[in-house]
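Spelled out from the first residue to the last, the chains are:
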Amino acid sequence: MQRRDLKSLSMDQLWHLHEELVTELTRKIAAEKNRLEERLRQLRLTGDELTHERRPYPKVLPKYRNPKNPSQTWTGRGKQPRWLREQLRSDKKLDDFRIEQAAAETLAHAVLRIGRAQRPRM
């Protein structure tokens with residue numbers, strides 16, 4: 001339909017055309033929605049079959065310790081903890097909080113022994 005055809009239509013004819021358009025659009029939108037929902041159901045089924053367990057990653061040992069509260073540690077990953085940021089602002093160096101290598105190795109060996117004991121035997 002050309003634009004001049006619309007101009008020649010009466011108000012009742014235009015309203016009837018409007019209602020037909022709304023009906024047809026509603027039908028097409030509902031059909032498309034149903035098609036997409038069916039596709040989503042298929043993808044969920046396929047996705048459930050493909051999921052698998054993530055491999056276990058080794059525990060990351062802490063590298064830094066708060067001298068005021070030794071239970072507060074940081075691995076060096078992610079955001080710096082508040083206690084460390086405050087200390088660094090007061091002109092201390094990051095290495096001042098580093099956990100000694102010997103202590104870290106002892107802790108690593110203990111974690112490995114515990115990890116091996118908890119693993120199922122095959």
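Remember, predicted model here, so these are calculated numbers, not experimental data. (Residues numbered from 1 in each chain as written. Predicted model: local features only at pLDDT ≥ 70, side-chain atom pairs only at ≥ 80, totals over all residues. Heavy atoms only, no water.)

A. Focus on the environment of Trp-83. Tracing the backbone shows Trp-83 in helix α3 (residues 82–89). Separated by 18 residues in the primary sequence, Trp-83 and Arg-65 have C-alpha atoms spaced 9.7 Å apart. With sequence-adjacent residues up to four places away left out, Trp-83 is seen in contact with Tyr-64, Arg-65, Asn-66, Gln-72, Thr-73, Trp-74 and Phe-97. (Helix = DSSP H or I, 4+ residues; strand = E, 2+ residues; numbered from the N terminus. Contact = heavy atoms within 4.5 Å.)

B. Spotlight on the nonpolar core. Among the nonpolar cores identified, the biggest contains five residues, and these are Tyr-64, Trp-74, Trp-83, Leu-84 and Phe-97. Apart from the residues lying within four places of it in its own chain, the contact partners of Trp-74 are Pro-62, Lys-63, Tyr-64, Lys-79, Gln-80, Pro-81, Trp-83, Leu-84 and Leu-94. (Core = buried A, V, L, I, M, F, W, Y, C linked by side-chain atoms within 4.5 Å. Buried < 20%, exposed > 50% of the residue type's maximum accessible area, 1.4 Å probe, protein only.)

C. The packing of aromatic side chains, seen in detail. Across all of its chains, the model carries two aromatic pairs by this definition. Taken together, a centroid distance of 6.0 Å and an interplanar angle of 70 degrees make the contact between Trp-83 and Phe-97 edge-to-face. Highlighted residues: Trp-83 in helix α3 and Phe-97 in the loop between α3 and α4 (101–118), separated in sequence by 14 residues. Using a relative accessible area of 11% as the deciding quantity, one classes Trp-83 as buried. (Phe/Tyr/Trp six-rings, centres within 6.5 Å; stacked < 30°, edge-to-face > 60°.)

D. Examining the environment of Phe-97 more closely. Accessibility expressed as a relative area gives 2% for Phe-97, which makes it buried. C-alpha of Phe-97 to C-alpha of Trp-74: the two residues are 23 residues apart in sequence and 9.6 Å apart in space. With sequence-adjacent residues up to four places away left out, Phe-97 is seen in contact with Lys-63, Tyr-64, Arg-65, Pro-67, Trp-83, Leu-84, Gln-87, Leu-88 and Lys-92.

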